[in-house]
Amino acid sequence: MNGTVVVTGGGTGGHLKVADAFIEEFHNRGINVIFIGSSNGQDKAWFENDRRLKKAIFLDTRGVVNKSSFGKVLSLLNIFSKTLYCLSFYAKYNVKTVISVGGFSAAAGTFASILKFGCKLYIHEQNSKMGKLNEITSKFATEVFSSFDENSLVKDYPVAKEFFDTARVRDKIKTIAFFGGSQGAVCINDFALKVAPTLTEMGIKIIHQTGKNDFERVKAEYKKLDISADVFDFSKDIPNKMATADFAVSRAGASTLWELCANSLPTYFIPFKYAAGDHQYYNAKVLFDKGLCFLQREENLNVEDFFKAVNSDIHKISIELIGSINSNAISLILNIILENNKK
Ligand SMILES: CC(=O)N[C@H]1[C@@H](OP(=O)(O)OP(=O)(O)OC[C@H]2O[C@@H](n3ccc(=O)[nH]c3=O)[C@H](O)[C@@H]2O)O[C@H](CO)[C@@H](O)[C@@H]1O
């Protein structure tokens, strides 16, 4: 491999999961990787002290979107100074390949890759609507990979092997899992508590990921209802939780969505309505249009519609999900990057 590889980006679990897939594949192929993320957000929790990495750097960067004009100027100045830092870092470590997985953590490392002569930028866009940073930087990229883009050379999403290994066709619902995305979702937590008594009467067990902030409240509510559910704030063992479930209720963050597909787990999606460009809704809509999931907007959420889905033919959906995603995406993406870098 010519020069050092940098993987940059993060902020939330969705971006970090893709960063992790790249790091794992480079590591397995014996190629050194440096990670550049932010000291704000979840990046440190994922990659600080990660033995697969040659180095992990966490810059004090923050998002620009949803800020006052003054806040935006400050964030932009900060990104500018961190870009200069990355440029000198790239020179020191002879960085020739940068992979951006997006999110505010990616800005400085990505801009530096564009400014550095002889450095190639690759982008992985997770969502159906391109994020602001990728919209700007993709024009300078050697290749952009996205599961939702017809022009992408690889259309499958990099999903961890465990989700495929534990896939099975569902028939009868014995367990339902509620997933709120990496940060949890109060709306899904409230809805789960609302339907939990009926699910329990139906003999259906509950697995529930609440997110950190709402964990104690939700746990206490289940106790009040006298329902013994598997409630947790965040788990490193999501493959096992999914494998146990026969049906899921979930936000439509891209990583979770494709993991559910890989696992053949029929899902009722409730997208996060404030996601940029409404991308969670459009992520799930791609599956919904093929009859591969249930989809309901948060503002229209109702118990009748949910139970209609629970009582429908999930077996058919589960079977059809089997062919919805292949397991070799990250390997194909790396082959393309390595081939390109020989040029
Ligand atoms: C609020 C927001 O802006 N969310 C965005 C964020 O979602 P979010 O960070 O929620 O990301 P995803 O749902 O895509 O992925 C979450 C990842 O964290 C893992 N996980 C989750 C819970 C847990 O307890 N343990 C665990 O390991 C999941 O298995 C998954 O791999 O990034 C996604 C990918 O760009 C976007 O599609 C989402 O719109």
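None of the values given here were measured: they were computed from a predicted structure.

## Some words on the pairing of strand E4 (residues 95-100)
- Most of E4 sits out of view: five of its six residues are buried.
- By the bridge criterion, five bridges tie strand E1 (residues 4-8) to E4 in an arrangement that is parallel. Across the sheet, Val7 pairs through a bridge with Ile99, a residue of E4.
- In terms of strand pairing, E4 meets strand E5 (residues 120-124) through four bridges, oriented parallel. Bridge pairing links Thr97 to Lys120 in E5.

## A look at the UniProt feature "binding site: UDP-N-acetyl-alpha-D-glucosamine" (unreviewed entry) in the chain
- UniProt tags Thr12, Gly13, Gly14, Asn127, Ser182 and Gln280 as "binding site: UDP-N-acetyl-alpha-D-glucosamine" (unreviewed entry).
- Note on placement: Thr12 falls in the loop between E1 and helix H1 (13-28).
- Take Thr12: its relative accessible area is 26%, and that puts it in the partly exposed class.
- Among all residues touching Thr12, those that are not within four sequence positions of it are Gln42, Ser182 and Gln183.
- Considering the arrangement of structural elements, one finds Gln280 in helix H11 (residues 279-288).
- Taking the relative accessible area as the measure of exposure, Gln280 reaches 10% and is therefore buried.

## What about the environment of Thr267?
- Along the chain, the position of Thr267 falls in strand E11 (residues 267-269).
- Overall, Thr267 belongs to the buried group, its relative accessible area being 2%.
- Once the C-alpha coordinates of Thr267 and Asp50 are considered, the two residues, 217 residues apart in sequence, prove to be 33 Å apart.
- Not counting chain neighbours up to four residues away, the residues in contact with Thr267 comprise Ala248, Ser250, Leu260, Cys293 and Phe294.
- At a separation of 2.9 Å, a polar atom in the side chain of Thr267 contacts the main-chain carbonyl oxygen of Leu265.

## Remarks on the nonpolar core
- Core analysis: the biggest nonpolar cluster contains 87 residues, and Phe22, Ile176, Phe247 and Phe306 have the highest contact counts within it.
- Per element, the largest residue contribution to this core is eight residues, and it comes from helix H7 (residues 186-201).
- If we skip the residues at most four places from it in the chain, Ile176 touches Leu199, Ile204, Lys205, Ile206, Ile207, Phe247, Val249, Phe306 and Val310.
- Core analysis: the second largest hydrophobic core is formed by 18 residues, Val6, Val95, Ala112 and Leu121 among them.

## Comments concerning H7
- The terminal C-alpha atoms of H7, which comprises 16 residues, lie 24 Å apart, in line with the 22 Å expected from a rise of 1.5 Å per residue.
- Along its length, H7 reaches its greatest deviation from straightness, about 45°, at Val195, and the proline Pro197 lies no more than four positions downstream.
- Turning to H7, its buried residues number three or more, namely Cys187, Ile188, Asn189, Phe191, Ala192, Leu193, Val195, Ala196 and Leu199.
- Summarising the contacts, the buried residues of H7 are in contact with strand E7 (175-179), strand E8 (205-209), helix H8 (215-225), strand E10 (247-250) and helix H12 (303-310).

## Re the packing of H1 against helix H14 (residues 329-341)
- Between H1 and H14, the least distance of the axes is 10 Å, while the angle of their chain directions is 65°. The orientation of H1 with respect to H14, classified from their angle, is roughly perpendicular. Helix-helix and strand crossings are classified by hand; for H1 and H14 the assignment is right-handed. Facing H1, whose interface residues are Ala21, Phe22, Glu25 and Phe26, H14 presents Ile330, Ser331, Ile333, Leu334, Ile337 and Leu338.

About the thresholds
Residues numbered from 1 in each chain as written. Predicted model: local features only at pLDDT ≥ 70, side-chain atom pairs only at ≥ 80, totals over all residues. Heavy atoms only, no water. Buried < 20%, exposed > 50% of the residue type's maximum accessible area, 1.4 Å probe, protein only. Helix = DSSP H or I, 4+ residues; strand = E, 2+ residues; numbered from the N terminus. Pairing = 2+ DSSP bridges. UniProt positions renumbered as here; feature names shortened; annotations may be inferred. Contact = heavy atoms within 4.5 Å. Polar contact = N/O pair within 3.5 Å; in protein donor to acceptor, adjacent residues only side chain to side chain. Core = buried A, V, L, I, M, F, W, Y, C linked by side-chain atoms within 4.5 Å. Expected span 1.5 Å × (residues − 1). Bend = angle between axes of the 7 residues up to and from the residue. Axes fitted to C-alpha atoms, helices over the stretch in contact; angles between N-to-C directions. Parallel < 35°, antiparallel > 145°, perpendicular 65-115°, else oblique. Left-handed = near helix turned anticlockwise from the far one by under 90°.

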